[in-house]
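Residue-level structural notes
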Amino acid sequence: MPGMMHLPGIRSRAPARALAAGILCLLALWPGPLRAERRQKTVFRSQPVEWNLEVDEDHKPPDLVFQPAWTWSGFRAPLAGDPVTSAGSIVAASRDGEVAALDPGNGAIVWKATLDAPLTVGPATNGTLVFQATARGRLSALQGSDGRPAWTADLESGPAVPVRVIGRRVLVGTSGGMLLSIDAGTGRIAARRALPGRPSTAPEPAPGSVLIGTDHGVLLALDETTLAPLWRHDAGQAITSPPVFDEGRIFFAAADRTIRCLRFTSGRRRWSARAGAACTARPIVRGRYLYVLCYDNDIYVLNKRNGHQLTRVRLGHRLDADPAVTADHLLVVPFTEAIVVGLAFPRLQTVGRYALEVPGEWFTTSPLWIADRVALGYGRSEGRILALTVAEKEG
């Protein structure tokens, strides 16, 4: 047309656009296997391609054999919290205020003490002394060898979470929203810190610090000596699992069904992954992998560096208790199922199980590994402890 200005390149773009559109249409109609698949970052895929262990695929780990060693039935009330090992004994407590030490070899009573107060959490130990907090806000230290009283301390309110021993201090998170650091040798309160909410996890160790979560969704790193704040991470939902330190990272779960990884130095988030339900058990770090037990009956196996799900291992009932970890196995007790299941690292193949077979009963504590056996508490009306020997099946 006379007077129309012709710009360089305008004519050449139309054919290029038509060609691009044709290629896209052709790809859309092409058979699926030849198209690149974009990997979905979701925990709900059954077996992502990242799960590529450097192990023999045909190797079957040896089976585990569980055999009853002894049963102890000395408490008139159910167990309070989980048993521990101290001075060579298994130490357990009952909800009506009794504390007992048992010989792990035969279940005989080594000593027994009465605190004359109800208990809501189990004992803690530094290997020499046993520390037991009562619901009335008193902390008692007992000699691990004979149960004799060493000292007592006033907590002002009862414990909200299990007691922990970190270094030379006994750490108690109270129902009044305080964290107390108590000298393990004398019972003197060395430091205290008001928390942003009620503690929802037991205090846990990290280099030079103490980690604790609250029901207000705050995870705190505190100086292990003074309890001065080092950093704070706001998760937005209650912290549901104990925080675990490993190689400069902190792993924990929150009530929004997320599993999170933070930088230890700053508390800033590195990654988060989503689970199908709440997770309250302690996360387990094993080499490159993070194992997280969940209320949806599954154990999630994640790449600890980026949070990508590698696989899920399904068990029969919800998983709310901390597992026992041995050199080669994970021992878990699904809630109300009355069994202990042995799983082999790293793929968590089921290699053994033991059924309680007591009508109406199930295991009520986390499994406690000591020497070549595992001890578990049970009993809805009275406290009992069952010890099982665990061995690899010959042949």
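Provided above is the structure to which this section pertains.
Source: prediction; values computed, not measured.

Along its length, the protein chain carries one helix and 32 strands. Here the analysis covers contacts within the protein chain between residues at least 6 apart in sequence; of these, 42% occur between residues at least 24 apart. When the accessible area of the protein chain is evaluated, it comes to approximately 18,900 Å², of which 51% is carbon and sulfur surface.

The biggest cluster of nonpolar side chains holds 19 residues, and the ones touching the most others in it are Phe 66, Val 340 and Leu 388. Secondary structure elements with two or more residues in this core: β1 (64-72), β28 (339-344), β29 (349-355), β31 (373-378) and β32 (384-392). Every residue in contact with Val 340, bar those within four places of it in the chain, is listed here: Phe 66, Leu 331, Val 332, Val 333, Gly 352, Arg 353, Tyr 354, Phe 363, Leu 376 and Leu 388. Among the nonpolar cores identified, the runner-up in size contains 18 residues, and Leu 293, Ile 299, Leu 319 and Ile 339 belong to it.

Strands sit in the order β26-β27-β28-β29 across an open sheet of four strands; the sheet is antiparallel. Taken across any chain shown, the strands that pair with only one partner, and hence form the sheet edges, are β26 (324-325) and β29. Where strand β27 (residues 329-332) and β28 come together, four bridges link them in antiparallel fashion. Note that in β28 the partner of His 329 across the bridge is Ala 344.

The next subject is the pattern of salt bridges. In the structure shown here, the tally under the stated rule is 18 salt bridges. Asp 246 serves as the salt-bridge partner of Lys 304, at 2.8 Å between the closest nitrogen and oxygen. With Lys 304 in the loop between β24 (298-303) and β25 (309-314) and Asp 246 in strand β18 (residues 244-246), this pair connects stretches of sequence that are 58 residues apart. When the shortest N-O distance is used, the salt bridge between Arg 314 and Asp 298 registers 2.7 Å. Here Asp 298 lies in strand β24 and Arg 314 lies in strand β25, a separation of 16 residues in the sequence. Each of Arg 164, Glu 204, Arg 282 and Asp 322 takes part in salt bridges that share partners, so that together they form one network.

Attention now moves to the packing of aromatic side chains. Inspection of every chain in the model, using the stated rule, returns seven aromatic pairs. Judged by centre distance (4.9 Å) and plane angle (70°), the rings of Phe 245 and Phe 264 are edge-to-face. Remark: Phe 264 occurs in the loop between β20 (258-263) and β21 (269-274) and Phe 245 occurs in strand β18; sequence separation between them is 19 residues. Note on Phe 264: relative accessible area 17%, which makes it buried. Ring centres of Phe 335 and Trp 362 lie 6.2 Å apart, and the angle between their planes is 65°; on these two criteria the pair is classed as edge-to-face. Of the two residues, Phe 335 is situated in the loop between β27 and β28 and Trp 362 in the loop between β29 and β30 (368-370); the sequence distance between them amounts to 27 residues. Above the plane of the ring of Phe 335 lies Arg 318, whose end atom (NZ or CZ) is 4.1 Å from the centre.

The sheet built from four strands is open, its strands ordered β10-β11-β12-β13 with antiparallel pairing. What marks the edges here is a single partner per strand, and that holds for β10 (164-166) and β13 (189-194). In this sheet, neighbouring strand axes are inclined to one another by 25° on average, regardless of whether the strands run parallel or antiparallel. In this sheet, strand β11 (residues 169-173) lies alongside β10 in antiparallel orientation, the contact comprising three bridges. Bridging from a neighbouring strand, Val 165 pairs with Val 170 of β11.

Here the focus is unusual backbone geometry. In the segment running from Phe 345 into Pro 346, the intervening peptide bond is cis, with an omega of -5°. By secondary structure assignment, the location of Pro 346 is in the loop between β28 and β29. Its identity as a non-glycine residue notwithstanding, Arg 257 has a phi of 70°, on the positive side. In this fold, Arg 257 is placed in the loop between β19 (249-253) and β20. Overall, Arg 257 belongs to the partly exposed group, its relative accessible area being 40%. At Ala 371, a position not held by glycine, the phi torsion is positive, near 60°.

Our next topic: the pairing of β13. Relative to β13, strand β12 (residues 178-183) is paired through five bridges, and the arrangement is antiparallel. For Met 178, the partnering residue across the bridge sits in β13 and is Ala 194. A loop of five residues connects β12 with β13, the two strands running antiparallel in sequence, and Gly 187 in this loop sits at a positive phi of about 85°.

Scoring rules and cut-offs
Residues numbered from 1 in each chain as written. Predicted model: local features only at pLDDT ≥ 70, side-chain atom pairs only at ≥ 80, totals over all residues. Heavy atoms only, no water. Helix = DSSP H or I, 4+ residues; strand = E, 2+ residues; numbered from the N terminus. Contact = heavy atoms within 4.5 Å. Areas by Shrake-Rupley, 256 points an atom, 1.4 Å probe, with all protein chains shown as cover. Core = buried A, V, L, I, M, F, W, Y, C linked by side-chain atoms within 4.5 Å. Buried < 20%, exposed > 50% of the residue type's maximum accessible area, 1.4 Å probe, protein only. Pairing = 2+ DSSP bridges. Salt bridge = Lys/Arg side-chain N within 4 Å of Asp/Glu carboxyl O. Phe/Tyr/Trp six-rings, centres within 6.5 Å; stacked < 30°, edge-to-face > 60°. Lys NZ or Arg CZ within 6 Å of the ring centre and 35° of its normal. Axes fitted to C-alpha atoms, helices over the stretch in contact; angles between N-to-C directions.

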